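Here is what each chain is made of, one letter per residue.
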Amino acid sequence: MKPQNTFRFEYSYLNLPEKFFSFEYPEVFIKPEIVKINDKLCRDIGIAPENLLRIIDEIKSGNNDKKFFSQAYAGHQFGHFTMLGDGRAIILGEHILENGNRVDIQLKGSGRTAYSRNGDGKATLKAMLREYLISEAMYNFGISTSRSLAVFKTGENVYREQVNDGAVLLRLMKSHIRIGTFEYAANFCTKNVLKELSYYTIKRLYPELINEDNPILSLLRKFIQIQVNLVADWMRVGFIHGVMNTDNVALSGETFDYGPCAFMNYYNTSTVYSSIDHFGRYAYGNQPRIIKWNLARFAETLLPILHDDENIAIQLAQNEINEFDNLWESVYYEKMLKKIGFEAASPDLYFLIDDILKLMQKNYLDFTNTFFMLSDENAREIISNKNDELKEWVRIWENIITNKVGIDNAITVMQKNNPVLIPRNHIVEKALNEALTGNLELFENLLKKTLKPYYYEVETDDFMNPPDFDFETRYQTFCGT
Ligand code: AMP
Ligand code: MG
């Protein structure tokens, strides 16, 4: 695709009633400075990377027909219903790709909006670089996610616990509509408006559902499948989102809002890094339960439009939510069994996953490296020799693998499905801290490594070791920085 000089913006979201947005202008930053541009992604969406800063400046000059907006939404935060909205993000427009697809281009950290409450609407350089790095890593794992186009320093200070460089992130998403958008409509708008939002969402994200008998019910069903698949993908790479509030769950099924997220090192279902998650609501092992809870909140919002008869509507919604457990089990084990070499999953194999995970937790084993090591004969010995229980697991697994699929086939499957490299917290921290001093070498190196996360080469070794326990137990991540 030939790069062009500007975005091709449309504004379909603005056809929704005015209650869904507020027109906003990004703050004018006197001295914006590029820190990182995603050249490849720019080109993929038809924008010449070298023009990006000028394009943003032009868009912001106001000398055009641009209609920037922030979205209104509500959401359950840590289980409590609240009115929210984009407090520090502005959608510049919906860029139309060459294939006709539509992506939101959003500026995050560009100042206060109608929904900022007490916040300053700003973001720190460290947090925006972190989102850039992790969202791109997720993309390279093959996991649905928002993408990062660029990070600019604003030239301003942003005050948190200390003084930070301010920055904005330019990000891209199929759509920023979230469960919280539906909660907003269900709580503060009429039934007709809720219907309008639902049909807008269907047409934009799942147009194939429009001709179904009950497209709203089909949307619910589809969304449950999409989220099950997404969260099972998180589990398979040890990703902890950290703030699975309903306002951070996108109807598109893209992972987004990377604030307090992190990758788990030593396997433990109760792993939590977020500084505000005191009770472990969003711990690694709780993620399936939480997404089910979030999906139930979504189903509730649809009740008035699922069926005219309230009792039937409740029954329809309940039936779909009741499907969750079986669906989760099959999708989760399908993905996890690939990690130990089974392309095809069957319930008689589930115990192998349950058992190895229990042993990992008991023996403080690294999640990523253990799976990686199982695919190498010598490394497998190391695991096997740790103790009798692990030896026995390896023996049983080897037996089943040999009988069912053959070890060579298994290893091929494992190598395709087990990341060699995850953005490990201690390395991410080091890369970001160095980036703040202007040295992006490690940041770039890590980013480059994440381009091929399933591919091992000797140089990857430096990125593979988990941090020591001391770091791991002290490490904390933060929201809204
Ligand atoms: P999150 O859970 O991080 O997505 O954010 C929850 C809510 O807080 C959203 O409505 C955000 O827009 C808002 N928010 C986060 N940081 C800021 C900030 N610095 N200024 C204003 N609003 C913010
Ligand atoms: Mg959010």
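Everything numeric here is computed off the predicted structure, so don't read it as measured data. (Residues numbered from 1 in each chain as written. Chains lettered and ligands numbered in written order. Predicted model: local features only at pLDDT ≥ 70, side-chain atom pairs only at ≥ 80, totals over all residues. Heavy atoms only, no water.)

Let us look at the layout of surface pockets. There is about 500 Å³ of room inside the second largest pocket. Around the second largest pocket, the lining is made up of 21 residues, and of these Leu97, Asn101, Val103, Leu172 and Lys174 lie nearest the centre. Elements represented by at least two residues in the lining of the second largest pocket include exactly helix 1 (39-44), strand 8 (102-108), strand 10 (163-173) and helix 5 (191-205). For the lining of the second largest pocket, the residue count by class is 10 nonpolar, 4 polar and 7 charged. (1 Å grid on protein atoms, 1.4 Å probe; cavity = no way out; pocket = protein on both sides within 12 Å on 5 of 7 lines; lining within 4 Å. Points joined across faces, edges and corners; volume = space filled by probe spheres on them. Helix = DSSP H or I, 4+ residues; strand = E, 2+ residues; numbered from the N terminus. Nonpolar A, V, L, I, M, F, W, Y, C, P; charged D, E, K, R; others polar.)

Another aspect to go through is the coordination of the magnesium ion (ligand 2). For the magnesium ion (ligand 2), every protein donor is listed as Asn248 (OD1) and Asp257 (OD), and the spread of their distances is 1.8 to 2.2 Å. Like Asp257, Asn248 is buried. (Donors = N, O, S within 2.8 Å, 3.2 Å for Na, K, Ca; no water. Buried < 20%, exposed > 50% of the residue type's maximum accessible area, 1.4 Å probe, protein only.)

Another aspect to go through is the domain arrangement of the chain. As assigned here, the chain comprises domain 1 (9-173) and domain 2 (340-417). A separation of 42 Å is found between the C-alpha centroids of domain 1 and domain 2. (Domains from an automatic or database assignment.)

Turning to the nonpolar core, a few remarks are in order. For soluble globular proteins, nonpolar side chains are generally found buried alongside one another. By size, the foremost hydrophobic cluster in this structure holds 125 residues, and its most contacted members are Phe7, Phe20, Ile105 and Ile340. Taken domain by domain, the makeup of this core includes at least three residues from each of domain 1 (9-173) and domain 2 (340-417). In contact with Ile105, not counting residues within four places along its chain, are Phe7, Phe9, Ile45, Ile90, Ile91, Leu92, Gly93, His95, Leu149, Leu170, Arg171 and Leu172. Grouped together as the second largest cluster of nonpolar side chains are 23 residues, Leu421, Leu432, Leu440 and Leu446 included. (Core = buried A, V, L, I, M, F, W, Y, C linked by side-chain atoms within 4.5 Å. Contact = heavy atoms within 4.5 Å.)

With that out of the way, let us pick up the packing of aromatic side chains. Tallied over the full model, the rule gives 34 aromatic pairs. Look at Tyr25 and Phe68: their rings are 5.3 Å apart centre to centre, the planes differ by 75°, and that puts the pair in the edge-to-face class. Placement of Tyr25 in the loop between strand 2 (21-23) and strand 3 (33-37) and of Phe68 in the loop between helix 2 (52-60) and strand 4 (69-71) is noted, with a sequence separation of 43 residues between them. Across from the ring centre of Tyr139, 3.5 Å away, lies the NZ or CZ of Arg147, which sits over that ring. Here Arg281 stacks its cationic end above the ring of Trp293, 4.8 Å away from the centre of that ring. (Phe/Tyr/Trp six-rings, centres within 6.5 Å; stacked < 30°, edge-to-face > 60°. Lys NZ or Arg CZ within 6 Å of the ring centre and 35° of its normal.)

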